[in-house]
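Each chain, written out:
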Amino acid sequence: MPAVSKGDGMRGLAVFISDIRNCKSKEAEIKRINKELANIRSKFKGDKALDGYSKKKYVCKLLFIFLLGHDIDFGHMEAVNLLSSNKYTEKQIGYLFISVLVNSNSDLIRLINTGIKNDLASCNPTFMNLALHCIANVGSREMAEAFASEIPRILVAGDTMDSVKQSAALCLLRLNRTSPDLVPMGEWTARVVHLLNDQHLGVVTAATSLITTLAQKSPDDFKTSISLAVARLSRIVTSASIDLQDYTYYFVAAPWLSVKLLRLLQCYPPPEDAALRSRLTECLETILNKAQEPPKSKKVQHSNAKNAVLFEAISLIIHHDSEPTLLVRACNQLGQFLQHRETNLRYLALESMCTLASSEFSHETVKTHIETVINALKTERDVSVRQRAVDLLYAMCDRSNAKQIVAEMLSYLETADYSIREEIVLKVAILAEKYAVDYTWYVDTILNLIRIAGDYVSEEVWYRVIQIVINRDDVQGYAAKTVFEALQAPACHENLVKVGGYILGEFGNLIAGDSRSSPLVQFNLLHSKFHLCSVPTRALLLSAYIKFINLFPEVKTTIQDVLRSDSQLRNADVELQQRAVEYLRLSCIASTDILATVLEEMPPFPERESSILAKLKRKKGPGNLPDIDDSRRNVNGNTEHSESTEETKKSSSSPMADLLPTNRPRPVSCSSVMLSAGTVGSTEPFTDLLNVNSTPPAGASLLVDVFSESSTSPASIEVSEEHFPRFVCKNNGVIYENQLLQIGLKSEYRQNLGRMYIFYGNKTSTQFLSFSTSVTSHDPLKTHLSVHAKPVDPIVEGGAQVQQILNIECVSDFTDAPVLNIQFRYGGTLQNIAVKLPVMLNKFFQPTEMTSQDFFQRWKQLGAPQQEVQKIFKAKHSMDTDVTKAKILGFGVALLDGVDPNPANFVGAGVIHTKNTQVGCLLRLEPNTQAQMYRLTLRTSRDSVSQRLCDLLSEQF
């Protein structure tokens with residue numbers, strides 16, 4: 001940039017600024033400003049033409065006055081005239097005034113655009129930079145229309161200087177953010193990618209920011225950037241700090257560029273090319289290794305730069321979710337930060353570990369830090385860090401640690417900040433329900449929750465405990481006894497009175513045999529709380545009283561006296577008065593049989609999504625809630641089956657406001673099973689849970705096919721199989737993603753039955769209309785695999801997510817996979833997507849434990865040539881023992897330790913369950929680390945099964 005000469009000091013401006021600073025009052029300042037404005041106005045209107053220096057000085061004064069908060073209504077033309085000057089300082093002031101004061105709707109825009117075009121067409125890099133900076137600062141739609149096609153040409157031109165390329169890239173980035181529809185995608189997009197190879201790292205940094213934004217919009221147009229980004233990242237992380245001296249920040253080589261490259265790679269899935277993937281893995285390993293090295297400087301800038309690169313690398317590892325070794329290392333690295341003295345690092349570590357907890361590869365490693373997280377919850381001074389600790393405990397929770405985590409969260413709740421108490425209450429309620437093996441523990445937990453933080457227990461929480469108690473016969477007596485004891489406390493929260501009134505009204509007869517909880521004692525206990533409660537709670541208690549008349553005829557007279565009292569029959573509240581009158585009349589004129597019919601015990605509630613979980617999702621916002629991953633495989637190969645249920649229509653605002661079932665639709669019959677209330681220990685057969693015989697209703701989706709002018713048959717759509725292989729050894733993850741839609745899934749299998757939860761996420765801010773899905777199978781597959789899809793909501797709001805459930809039954813062994821077809825309207829255009837569903841034969845494995853003698857005896861029995869398939873292949877990934885074990889367990893078989901004479905080999909056994917038959921399977925995997933080779937041998941009783949399983953498993957190593 002040209003040096004400013006001594007004469008450019010503008011002494012008049014300095015004197016004016018000094019006068020303003022010396023003003024003793026606001027009035028004096030305004031008086032001095034008005035005097036100066038009058039002087040400038042007279043100069044601009046005078047007959048004598050001003051020279052460039054004078055114009056610049058007066059325009060600078062106007063700009064300073066504007067920055068003080070005063071309106072400027074003249075001088076714009078003089079600023080525009082400065083654009084035609086050949087002096088840098090005059091042109092600079094003109095562009096500065098325009099950037100700050102000129103409105104995008106100004107009549108001067110055309111003149112300004114002409115001046116900018118002249119500067120862009122000049123060969124002077126300084127003037128070109130000023131013009132590009134002005135375009136970026138204003139960023140109006142008019143400027144985007146005028147220059148959106150010109151700036152890309154400057155960016156990729158061979159004779160453009162590096163500083164101009166930087167400005168052009170950042171200017172184009174600004175226009176793409178303000179007016180993305182006006183930035184054309186042309187041949188320049190392929191050329192701009194090659195700027196990642198530029199020798200000037202400033203150009204590479206600016207280009208990376210631009211490519212990242214464009215790749216999020218049109219990922220396919222910038223796929224070639226992956227290899228270039230990995231190559232550039234590799235050169236940076238393997239270089240010494242002196243190699244990039246101009247771009248080394250406190251001994252960290254090009255930290256800003258490294259972060260941007262890592263962020264660019266997060267726009268895409270893991271590279272398919274093995275060599276490129278290996279090189280990227282090396283880069284990430286190097287970054288993790290450097291994090292372990294002693295710091296080269298004690299200054300905070302060094303650690304900040306180093307950690308910025310590290311956290312972005314960990315974000316990429318989490319995004320790819322494909323390298324178990326890296327995921328575990330990342331988790332261990334984050335674990336070190338949990339006790340770091342820097343608050344920001346503790347916060348970031350907790351936030352990243354929340355995401356890692358949902359990965360099947362790193363979940364167990366995250367759990368090892370549970371004591372540290374609990375300690376952070378108790379001792380951390382920063383409330384935002386404590387909130388992240390709560391999120392992490394919620395995310396890492398599973399059956400093995402649920403009671404410990406819930407207990408710690410309850411303990412923390414007593415002293416928690418008021419701002420996060422409601423969220424903690426919701427999370428405790430969800431975890432207690434989700435992982436309740438013993439539902440007496442669940443009842444105790446919720447009642448304890450109401451005792452500790454009753455004011456923060458929303459209606460959804462106590463509605464939910466009522467639903468679960470009604471749906472589970474084994475806990476009803478315990479719930480009645482527990483709430484009866486809890487209500488005896490001198491001070492009870494109103495929510496406890498609601499729960500007590502409902503449960504005793506339904507199941508008080510289960511504890512009435514004890515003289516300490518006789519019907520009269522129960523009634524007197526409830527009625528003692530009546531006068532302290534709000535109107536809705538009193539209404540509920542009146543309903544409980546009429547239920548008592550049906551359950552306990554001996555207290556009928558006592559209750560009728562209460563209903564007959566003036567405080568009830570003449571109550572000022574019309575709802576209470578109506579209930580008292582109607583209930584009293586009902587108890588007087590109805591026979592015992594009629595009363596028993598009208599006031600019968602509530603039948604089980606229908607299966608539905610937990611209203612608590614729905615409330616937490618609304619509170620946290622889409623995408624901010626850590627997943628509780630129910631289909632994770634444990635280290636021992638077991639699967640924790642999901643107990644969440646299909647998402648249903650929103651229930652009424654108060655679905656449990658009345659004990660009598662006359663004011664709302666009647667629940668389904670008592671044989672229904674409420675999956676969201678838990679299925680552990682249930683005597684219901686798994687077939688009933690999965691409802692495999694249900695037929696999906698034919699809905700309005702047929703109208704889309706009939707009336708769509710551009711309807712495309714599923715056969716003509718290219719089926720996406722990009723992520724299909726990743727699901728051979730895991731049951732959850734993202735199966736498809738583009739700029740509009742993300743499809744994730746979770747699945748669970750038991751014997752020959754399976755259930756798949758598919759989540760459709762709208763990534764845009766616009767509604768998807770006529771949203772419909774179907775699952776298709778080729779003719780041979782239809783007879784081997786039965787798939788029934790439940791209907792999905794036809795409208796998906798912007799930024800929202802909807803869920804669909806598929807019920808799957810394996811009839812006989814198969815090789816192909818079904819295809820999920822999605823169709824919807826976005827912005828008036830019909831979108832068609834086809835995705836291959838990861839339903840493979842190995843999903844129907846049941847692990848089988850065997851002794852060494854049994855294994856080899858069975859191995860010999862399956863010795864026929866057609867029963868054995870053997871494959872020798874080159875290792876595609878690192879030959880890590882723990883990773884190999886995890887993949888074999890994820891494949892579905894039991895890993896048999898101590899069976900093979902060679903301890904380096906892996907031996908497994910399992911049974912494939914189909915509706916028609918069961919197929920036993922034995923496998924043996926022999927790694928050769930020196931040759932980087934594997935030999936895989938499978939023996940089953942059916943040759944087609946052996947071949948299919950061998951093909952699936954060999955691709956994982």
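Worth saying up front: this structure is predicted, and the values here are computed from it rather than measured. (Residues numbered from 1 in each chain as written. Predicted model: local features only at pLDDT ≥ 70, side-chain atom pairs only at ≥ 80, totals over all residues. Heavy atoms only, no water.)

### Considerations on the overall build of the protein
Note the cut-off: Helix and strand definitions follow DSSP, with helices as H or I runs of at least four residues and strands as E runs of at least two, each counted in order from the N terminus. Whether a residue is buried, partly exposed or exposed follows from its accessible area with a 1.4 Å probe, protein chains only, as a fraction of its type maximum: under 20%, in between, or over 50%, in that order. Throughout, a residue-residue contact means that at least one pair of heavy atoms, one from each residue, lies within 4.5 Å. Only the protein chains shown count as cover for residues, and the accessible areas themselves come from Shrake-Rupley with a 1.4 Å probe.
When helices and strands are tallied, the protein shows 40 helices and 17 strands. Going through the 957 residues of the protein one by one, you find that 54% of them count as buried. Pairs at least 24 residues apart make up 70% of the contacts formed inside the protein by residues separated by at least 6 positions. Summed over its atoms, the accessible surface of the protein is roughly 43,100 Å², and 50% of this surface lies on carbon and sulfur atoms.

### Concerning the sheet that holds strand 10 (residues 819–826)
Quick note on the threshold: By the convention used here, strands pair only if DSSP detects at least 2 bridges between them.
In space, the 4 strands of this open sheet follow the order 3-11-10-7, with mixed pairing throughout. Edge positions in the open sheet fall to strand 3 (719–720) and strand 7 (769–776), since each of these has one partner strand only. Relative to strand 11 (residues 829–836), strand 3 runs parallel, the two being bridged by 2 bridges. Within strand 11, the residue paired with Val 719 across the bridge is Ala 834.

### Observations regarding the packing of helix 20 (residues 370–379) against helix 22 (residues 402–413)
Here is the rule we go by: Axis definition: a line fitted to C-alpha atoms, over the contacting stretch in the case of helices. Angles run 0 to 180 degrees between N-to-C directions. Should an angle lie under 35 degrees it is considered roughly parallel, over 145 roughly antiparallel, and from 65 to 115 roughly perpendicular; all remaining angles are considered oblique. Residue polarity follows a fixed list, in which Ala, Val, Leu, Ile, Met, Phe, Trp, Tyr, Cys and Pro are nonpolar, Asp, Glu, Lys and Arg are charged, and the others, Gly among them, are polar.
Contact geometry for helix 20 and helix 22: axes closest at 10 Å, N-to-C directions at 10°. In terms of orientation, helix 20 and helix 22 fall into the roughly parallel class. Side by side, helix 20 and helix 22 meet where Ile 370, Glu 371, Ile 374, Leu 377 and Lys 378 of the first sit next to Gln 404, Ile 405, Glu 408 and Tyr 412 of the second. Looking at the contact of helix 20 with helix 22, its residues break down into 5 nonpolar, 1 polar and 3 charged.

### A short note on the nonpolar core
Inclusion rule: Joining through side-chain atoms within 4.5 Å is the link that ties buried Ala, Val, Leu, Ile, Met, Phe, Trp, Tyr and Cys residues into a set, and such a set is a nonpolar core.
Residues Ile 112, Ile 116, Val 192 and Leu 449 are the most contacted members of the largest nonpolar core, which totals 187 residues. If you tally residues by element for this core, the top one is helix 24 (residues 439–453), at 10 residues.

### Concerning the sheet that holds strand 4 (residues 732–737)
Strand order in the open sheet formed by 5 strands is 4-5-6-9-8, and the pairing between neighbours is antiparallel. A single partner strand is all that each edge strand has here, and the edge strands are strand 4 and strand 8 (785–789). Taken over all neighbouring pairs, the strand axes of this sheet differ in orientation by 25° on average, direction set aside. Of the strand pairs in this sheet, strand 8 and strand 9 (residues 801–810) are connected by 5 bridges, and their pairing is antiparallel. Note on strand 9: the bridge partner recorded for Ala 789 is Leu 806.

### Some points on the pairing of strand 16 (residues 918–928)
Examined bridge by bridge, strand 15 (residues 906–913) and strand 16 share 8 bridges and lie antiparallel to one another. The residue of strand 16 that forms the bridge with His 913 is Gln 918. The hairpin turn running from strand 15 into strand 16, its antiparallel successor, is 4 residues long. Judged from the 8 bridges that link them, strand 16 and strand 17 (residues 933–940) form a sheet pairing that is antiparallel. Bridging from a neighbouring strand, Glu 926 pairs with Arg 935 of strand 17. Count of turn residues in the strand 16/strand 17 antiparallel hairpin: 4 residues, of which Gln 932 carries a positive phi of about 55°.

### Things to note about helix 21 (residues 383–396)
Rule in force here: Multiply 1.5 Å by the residue count of a helix minus one, and that product is the helix's expected span.
For helix 21, with 14 residues, the first-to-last C-alpha span of 20 Å sits near the 20 Å given by 1.5 Å per residue. Three or more residues of helix 21 are buried, namely Val 385, Arg 386, Gln 387, Arg 388, Ala 389, Val 390, Asp 391, Leu 392, Leu 393, Tyr 394, Ala 395 and Met 396.

### Quick notes on the pattern of salt bridges
A side chain of one charge can pair with a side chain of the opposite charge if their charged atoms are brought near each other. The condition that has to hold: What counts as a salt bridge is simple: a side-chain nitrogen of Lys or Arg found within 4 Å of a carboxyl oxygen of Asp or Glu.
On inspection of all chains with the given rule, the structure shows 34 salt bridges. When the shortest N-O distance is used, the salt bridge between Arg 924 and Asp 900 registers 2.6 Å. Of this pair, Arg 924 sits in strand 16 while Asp 900 sits in the loop between strand 14 (894–895) and strand 15, and the two are 24 residues apart along the sequence. Connected via shared salt-bridge partners are Asp 19, Arg 32, Glu 36 and Lys 61.

### Comments concerning the pairing of strand 4
In this structure, strand 4 lies alongside strand 5 (residues 741–750), joined through 5 bridges in antiparallel fashion. Bridged to Val 734 within strand 5 is Gly 744. Where strand 4 folds back on strand 5, the antiparallel hairpin that results is connected by 3 residues.

### A short note on the packing of aromatic side chains
Which entries qualify depends on this criterion: Each Phe, Tyr or Trp ring (for Trp, its six-membered ring) is paired with any other whose centre lies within 6.5 Å, and the angle between the two planes then decides the class: stacked below 30 degrees, edge-to-face above 60, tilted in between. A ring is considered to have a charge above it if a Lys NZ or an Arg CZ atom is located within 6 Å of its centre and within 35 degrees of its normal.
This model, assessed by the stated rule, comprises 23 aromatic pairs. Aromatic side chains Phe 855 and Phe 856 sit 5.3 Å apart centroid to centroid with 90° between the ring planes, which places their arrangement in the edge-to-face category. Phe 856 gets classed as partly exposed once you look at its relative accessible area, which sits at 30%. For the ring pair Tyr 934 and Phe 957, a centre distance of 5.3 Å and an interplane angle of 45° mean the geometry is tilted. Of the two residues, Tyr 934 is situated in strand 17 and Phe 957 in the segment after helix 40 (943–954); the sequence distance between them amounts to 23 residues. For Phe 957, a relative accessible area of 3% gives the class buried. These aromatic residues form a ring-pair network of at least three members: Tyr 760, Phe 768, Phe 771, Phe 824 and Tyr 826. The ring of Phe 74 carries the charged tip of Arg 41 above its face, separated from the ring centre by 4.2 Å. A cation over an aromatic ring shows up here: Lys 730 above the ring of Phe 727, its NZ or CZ 5.6 Å from the ring centre.

### Some points on unusual backbone geometry
Most peptide bonds adopt trans geometry, and most residues besides glycine take a negative phi value. Unusually for a residue other than glycine, Tyr 250 sits at a positive phi of about 50°. Take Tyr 250: it is sitting in the loop between strand 1 (248–249) and strand 2 (252–253). With relative accessibility at 31%, the residue Tyr 250 sits in the partly exposed group. Here Gln 932, not a glycine, exhibits a phi torsion of approximately 55°, which is positive.

### Side note on the environment of Ile 833
The topology assignment puts Ile 833 in strand 11. Ile 833 sits 60 residues away from Thr 773 along the chain, and the two C-alpha atoms are 9.5 Å apart.

### Some words on a nonpolar patch on the surface
Put simply, the test is: Here a patch means residues that are over 30% exposed by relative accessible area and free of salt bridges, tied together within 9 Å if like-charged and within 5 Å if nonpolar (Val, Leu, Ile, Met, Phe, Trp, Tyr).
Taken together, the side chains of Phe 66, Leu 67, Leu 96 and Val 100 make up a nonpolar region of the molecular surface, amounting to roughly 330 Å² of accessible area. When contributions to the nonpolar patch are tallied by element, the ones reaching two or more residues are helix 3 (52–67) and helix 5 (88–101). With respect to the helices, strands and loops of the structure, Val 100 is situated in helix 5. By relative accessible area, Val 100 is classed as partly exposed at 36%.

### Description of the environment of Gly 754
Here Gly 754 shows up in strand 6 (residues 753–762). Along the primary structure Gly 754 and Leu 806 are separated by 52 residues, whereas in three dimensions their C-alpha atoms are 8.2 Å apart.

### Re the environment of Ser 720
Assignment of secondary structure puts Ser 720 in strand 3. Between the alpha carbons of Ser 720 and Ala 834 there is a distance of 6.1 Å; along the sequence they are 114 residues apart. When residues no more than four places from it in sequence are discounted, the contact partners of Ser 720 are Tyr 736, Ala 834, Val 835 and Lys 836.

### A look at the side chain of Ser 322
Rule in force here: For this analysis, a polar contact is any N or O atom pair within 3.5 Å, provided that within protein one partner can donate a hydrogen and the other can accept it, and provided that sequence-adjacent residues contribute only side-chain to side-chain pairs.
Here Ser 322 is to be found in the loop between helix 16 (300–320) and helix 17 (324–337). Here Ser 322 falls in the buried class, since its relative accessible area comes to 17%. Looking at Ser 322, its side chain comes within polar contact range of the side chain of Arg 277, at 3.0 Å. Non-local contacts of Ser 322, meaning those with residues more than four positions away in its chain, are made with Pro 270, Arg 277 and Leu 327.

### Topic: the side chain of Gln 467
Structurally, Gln 467 is set in helix 25 (residues 459–471). Within polar-contact distance, the side chain of Gln 467 engages the side chain of Arg 464 at 2.7 Å.

### Points about the packing of helix 25 against helix 27 (residues 494–507)
How we decide: If you view the pair so one helix is near and one far, a crossing is left-handed when the near helix is turned anticlockwise from the far one by less than a right angle, and right-handed when it is turned clockwise.
Remark: helix 25 packs on helix 27, axes separated minimally by 10 Å, with the N-to-C direction vectors making an angle of 20°. Considering their axes alone, helix 25 and helix 27 lie roughly parallel with respect to each other. Considering the relative orientation of helix 25 and helix 27, their crossing is right-handed. Counting all contacts with helix 25, which are made through Trp 462, Val 465, Ile 466, Val 469 and Ile 470, the residues of helix 27 involved are Asn 495, Lys 498, Val 499, Tyr 502, Ile 503 and Phe 507.

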